[in-house]
Amino acid sequence: MGQLALAAKITHVPSMYLSELPGPRHGTRQDAIAGHQDISRRCRALGVDTLVVFDTHWLVNANYHLNCAPHFKGQYTSNELPHFISNMAFESPGNPALGHLLARVCNEHGVETLAHDATTLAPEYGTLVPLRYMNADQHFKVVSVSALCMAHYLNDSARLGWAMRQAVEQHYDGRVAFLASGSLSHRFAQNGLAPEFAFKIWSPLLEKLDAQVIRMWQMGEWAAFCEMLPEYASKGHGEGFMHDTAMLLGALGWSGYDGAAEVITPYFGASGTGQINAVFPVTPQDGSRIPAAQASAAHAYQAFGRL
């Protein structure tokens, strides 16, 4: 059967694209770009055929969603930061079969998930920026997963990650990488102060909190981290409420995970936010620590198909 070959927490700061262009920011994010290129090389060496990206810029208000169109191509301008990402060309092959498989197994695990292949929906820049540096030659197929989850439980996101790993390992003929595309602390600099904080963290408290989290990841303190994740996501201004991180750790075994994070691009500040590229070794897991499905157990819950 298939294999989850690589798992990583990655940055997608738009200043990476700005770093390519002539001007005062040219070359200033080369370390982050090099980190993406390193992860791409590792994926190629492992025989990965598809990158599954947990995208904290894809906002959804109900259910989990997968963009698994057959092909992605276009030009992207960020509605959030159009002065950073403007008319950025993108193109990657998709993987509809894997997308539908992932959604089916997530539903079987009690996490309602919809796959969209016949769609005009384009990926957000949480997917597109990493693909620019990991997949410029369109070597990998791509599936994008909604991870800016506005009304969702972190437990369900963890269970979704585990279900996706089960889908790959039990039913897929290939090798896949899971990429949690989002920051650590995500408190942007106050308007008017962005240039001053271009390479800094907004708050010394958030910087120290992020440093402690990275230490926990490197020391393998997963039970403690999973317990504190909801509060860290809230008080630490986690991007996308850190659903991407919950998905990634769910795939790795949640609080039962026994690996240690390898930092590829050291922690850095960007417009006040805390960023990193880090790889998490995939270890054998039995799923015994994965949280139960939560939304599907809620009072008066109805599955999407009955609406």
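Residues numbered from 1 in each chain as written. Predicted model: local features only at pLDDT ≥ 70, side-chain atom pairs only at ≥ 80, totals over all residues. Heavy atoms only, no water.

Considerations on the overall build of the protein
Let me state the cut-off plainly: Put simply, DSSP marks the helices as runs of H or I at least four residues long and the strands as runs of E at least two long, and each gets a number from the N terminus on. Here the globule rule reads 2.2 Å times residues to the power 0.38, and the radius of gyration is calculated from C-alpha atoms. Contacts were defined at the residue level, with two residues in contact if any of their heavy atoms lie within 4.5 Å. Every accessible area reported is derived by Shrake-Rupley at a probe size of 1.4 Å, with residue values counting cover from the shown protein chains alone. Here Asp and Glu are counted as negative and Lys and Arg as positive; His is not counted, and neither are the chain ends. All charge positions are set by atom: Lys at NZ, Arg at CZ, Asp at CG, Glu at CD.
From N to C terminus, the protein includes 8 helices and 10 strands. For the protein, the C-alpha radius of gyration of 18 Å lies close to 19 Å, the compact-globule estimate for 307 residues. Overall size of the protein, expressed as C-alpha extent along the three principal axes, is 50 × 40 × 40 Å. For the protein, restricting intrachain contacts to residue pairs at least 6 apart in sequence, the fraction spanning at least 24 positions comes to 81%. By element, 54% of the accessible surface of the protein is carried by carbon and sulfur atoms, the whole surface being about 12600 Å². Within the protein, the 26 negative side-chain charges are centred at a point lying 2 Å from the centre of the 20 positive side-chain charges.

Quick word on helix H3 (residues 96-108)
The condition is simple: One less than the residue count of a helix, multiplied by 1.5 Å, gives the span that helix is expected to have. Burial status follows relative accessibility: with a 1.4 Å probe on protein chains alone, a residue under 20% of its type maximum counts as buried, one over 50% as exposed, and anything between as partly exposed.
Taking 1.5 Å of rise per residue, 13 residues should cover 18 Å, and H3 covers 18 Å from first to last C-alpha, within 8% of that figure. Among all positions of H3, only Leu 98, Gly 99, Leu 101, Leu 102, Ala 103, Val 105 and Cys 106 are buried. Looking one or two places after H3, you find Gly 110, whose phi comes out positive at around 85°.

Quick look at the sheet that holds strand E1 (residues 3-10)
The condition is simple: A pair of strands is treated as paired once DSSP finds two or more bridges between them. The convention used is that axes are lines fitted to C-alpha atoms, helices contributing only their stretch in contact, and that angles between N-to-C directions extend from 0 to 180 degrees.
Pairing is mixed across the open sheet formed by 8 strands, whose spatial order is E6-E3-E7-E2-E8-E1-E10-E9. The open sheet has two free edges, formed respectively by strand E6 (113-116) and strand E9 (262-270), since each of these has just one partner strand. Strand-to-strand, the axes of this sheet are offset by a mean angle of 20°, without reference to chain direction. In this structure, E9 lies alongside strand E10 (residues 273-279), joined through 6 bridges in antiparallel fashion. By the bridge assignment, Glu 262 is partnered in E10 with Val 279. Contacting E1, strand E2 (50-60), strand E8 (175-181), E9 and E10, helix H2 (residues 30-45) crosses the sheet at an angle of about 155° to E9. Along the sheet, helix H4 (residues 125-134) makes contact with E1, E2, strand E7 (141-149) and E8, crossing E2 at roughly 150°.

Considerations on the nonpolar core
Stated formally: We call a set of buried Ala, Val, Leu, Ile, Met, Phe, Trp, Tyr and Cys residues a nonpolar core when their side-chain atoms join them within 4.5 Å.
Membership of the largest hydrophobic core comes to 58 residues, with the highest contact counts inside it found for Val 52, Phe 54, Leu 102, Met 164, Phe 178, Phe 225 and Phe 280. Broken down by element, this core gets its largest block of residues, 8 residues, from helix H5 (residues 154-171). Non-local contacts of Phe 54, meaning those with residues more than four positions away in its chain, are made with Val 145, Ala 147, Met 164, Phe 178, Leu 179, Ala 180, Ser 181, Asp 244, Met 247 and Leu 248. Val 53, Tyr 76, Leu 81 and Ala 270 belong to the second largest nonpolar core, which has 37 residues in total.

Quick word on the pattern of salt bridges
Convention followed: Any Lys or Arg side-chain nitrogen found within 4 Å of a carboxyl oxygen on Asp or Glu counts as a salt bridge.
Evaluation of the coordinates by the stated rule reveals 9 salt bridges. With a closest N to O distance of 2.6 Å, Glu 20 and Arg 132 form a salt bridge. With Glu 20 in the loop between helix H1 (15-18) and H2 and Arg 132 in helix H4, the pair connects residues that are 112 residues apart, well separated along the chain. Note that Glu 221 and Arg 215 form a salt bridge whose closest N and O atoms lie 3.1 Å from each other. In this structure Glu 221 comes out as partly exposed when scored by relative accessible area, which is 29%. Residue Arg 215 is classed as partly exposed on the basis of its relative accessible area, which comes to 32%. Where salt bridges share partners, they join Asp 38, Arg 42 and Glu 262 into one cluster.

Re the packing of aromatic side chains
Condition: Between 30 and 60 degrees the pair is tilted, below 30 it is stacked and above 60 it is edge-to-face, where a pair is any two Phe, Tyr or Trp rings, Trp via its six-membered ring, whose centres lie within 6.5 Å. The criterion is that NZ of a Lys, or CZ of an Arg, lies within 6 Å of the ring centre and within 35 degrees of the ring normal, and then a charge sits over that ring.
On inspection of all chains with the given rule, the structure shows 8 aromatic pairs. Pairwise contacts between aromatic rings join Trp 217, Trp 222, Phe 225, Tyr 232, Tyr 257 and Phe 280 into one cluster. Sitting over the face of the ring of Phe 197, Lys 200 holds its NZ or CZ atom 4.6 Å from the ring centroid.

Things to note about unusual backbone geometry
Located in the positive-phi region is Gln 138, a residue other than glycine, with phi close to 60°. Within the secondary structure layout, Gln 138 lies in the loop between H4 and E7. Backbone geometry places Ala 300, a non-glycine residue, at a positive phi of 65°. Relative to the elements of secondary structure, Ala 300 occurs in the segment after E10.

Focus: H5
Residues lying three or four places apart along an α-helix face the same way, a consequence of the helix completing one turn every 3.6 residues. Taking 1.5 Å per residue, 18 residues should reach 26 Å; H5 reaches 25 Å between its end C-alpha atoms and fits that length. In terms of burial, H5 is a largely internal element, 14 of the 18 residues being buried.

Observations regarding a nonpolar patch on the surface
Basically, it comes down to this: A patch consists of residues whose relative accessible area exceeds 30% and which take part in no salt bridge; residues with like charges are grouped when within 9 Å of each other, and nonpolar side chains (Val, Leu, Ile, Met, Phe, Trp, Tyr) when within 5 Å.
Taken together, Leu 59, Met 150 and Phe 241 make up a surface patch of nonpolar side chains, about 270 Å² in accessible area. Inspection of the secondary structure assignment puts Met 150 in the loop between E7 and H5. Of the residues examined, Met 150 reaches a relative accessible area of 39% and is grouped as partly exposed.

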